[in-house]
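Residue-level listing of the chains:
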Amino acid sequence: MLFPSNQIGDFYQKLLSDDGIDIGQQSQTSRKGSYRHLVAPVSNLEHRTFKESNKTHIQLKFDLPSGSFATMLLRELMTTTVSRPEANRMRGALTGIQHEPI
């Protein structure tokens, strides 16, 4: 594993050293792993909405690069910083389905 050549890399090496781990003694092949991208591109995004048992459902289909987490994408899609009535209005505008206020 390659450490960044900045203060974070220095911190990682000190942290390992404090725990008695000497990276210099390990062969290059025994160190596995890599860093993940902070942001990953989403491709082939498709969605559909449907009603079932008086509930509105949204089905998503998408591709992410290897090593990316679909749960993180879903978390970001479901996070809202607006009030519930405003979120319902926005969802209705996107899907054509009017949501009843809770």
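Structure: above.
On a predicted model such as this, the values are computed, not experimentally measured, just so you know. (Residues numbered from 1 in each chain as written. Predicted model: local features only at pLDDT ≥ 70, side-chain atom pairs only at ≥ 80, totals over all residues. Heavy atoms only, no water.)

Here we look at the overall build of the protein
Threshold: Elements are defined by DSSP. Helices are runs of H or I of four residues or more, strands are runs of E of two residues or more, and each kind is numbered from the N terminus. Categorising residues by exposure relies on relative accessible area from a 1.4 Å probe, with only protein chains included: less than 20% of the type maximum marks a residue as buried, more than 50% marks it as exposed, and the intermediate range marks it as partly exposed. Methods summary: accessible areas were calculated by the Shrake-Rupley approach with a probe of 1.4 Å, and residue burial reflects only the protein chains presented.
Helix and strand counts for the protein stand at three helices and two strands. Split into buried and exposed, the 102 residues of the protein put 6% on the buried side. Carbon and sulfur atoms form 54% of the exposed surface of the protein, whose accessible area is close to 9,100 Å².

Some words on the packing of aromatic side chains
The condition that has to hold: Here the aromatic set is Phe, Tyr and Trp, taking the six-membered ring for Trp, and pairing holds for ring centres within 6.5 Å; pairs whose planes are under 30 degrees apart are stacked, those over 60 apart are edge-to-face, and all others are tilted.
One pass over the structure, following the stated rule, counts one aromatic pair. Pairing Phe-11 with Tyr-12 gives two aromatic rings, centres 6.3 Å apart and planes at 55 degrees, and the pair type is tilted. What makes Phe-11 partly exposed here is its relative accessible area of 48%. Assessed through its relative accessible area of 31%, Tyr-12 is described here as partly exposed.

Focus on the pattern of salt bridges
Let me state the cut-off plainly: A pair is scored as a salt bridge if a Lys or Arg side-chain nitrogen falls within 4 Å of a carboxyl oxygen belonging to Asp or Glu.
Here the structure, examined in full by the defined rule, presents two salt bridges. Lys-14 is the salt-bridge partner of Asp-18, the closest N and O atoms lying 2.8 Å from each other. Residue Asp-18 and its partner Lys-14 are located together in helix α1 (residues 7–18), separated by four residues, close to a single helical turn. Lys-14 matches Asp-18 in its accessibility class, with the two residues each being exposed. The partner of Glu-76 in a salt bridge is Arg-75, with the nearest N and O atoms 2.9 Å apart.

Some details on a nonpolar patch on the surface
Threshold: Residues enter a patch when their relative accessible area is above 30% and they make no salt bridge; the linking distance is 9 Å between like charges and 5 Å between nonpolar side chains (Val, Leu, Ile, Met, Phe, Trp, Tyr).
Where nonpolar side chains cluster on the molecular surface, the patch consists of Val-42, Leu-45, Ile-58, Leu-60, Leu-74, Leu-77 and Met-78 and spans about 650 Å² of accessible area. Of all the elements in the fold, those that place two or more residues in the nonpolar patch are β2 (55–63) and α2 (70–78). The greatest single-element share of the nonpolar patch, amounting to three residues, is contributed by α2. Relative to the helices and strands, Val-42 resides in the loop between α1 and β1 (43–52). Judged by relative accessible area, Val-42 falls into the partly exposed class, the value being 36%.

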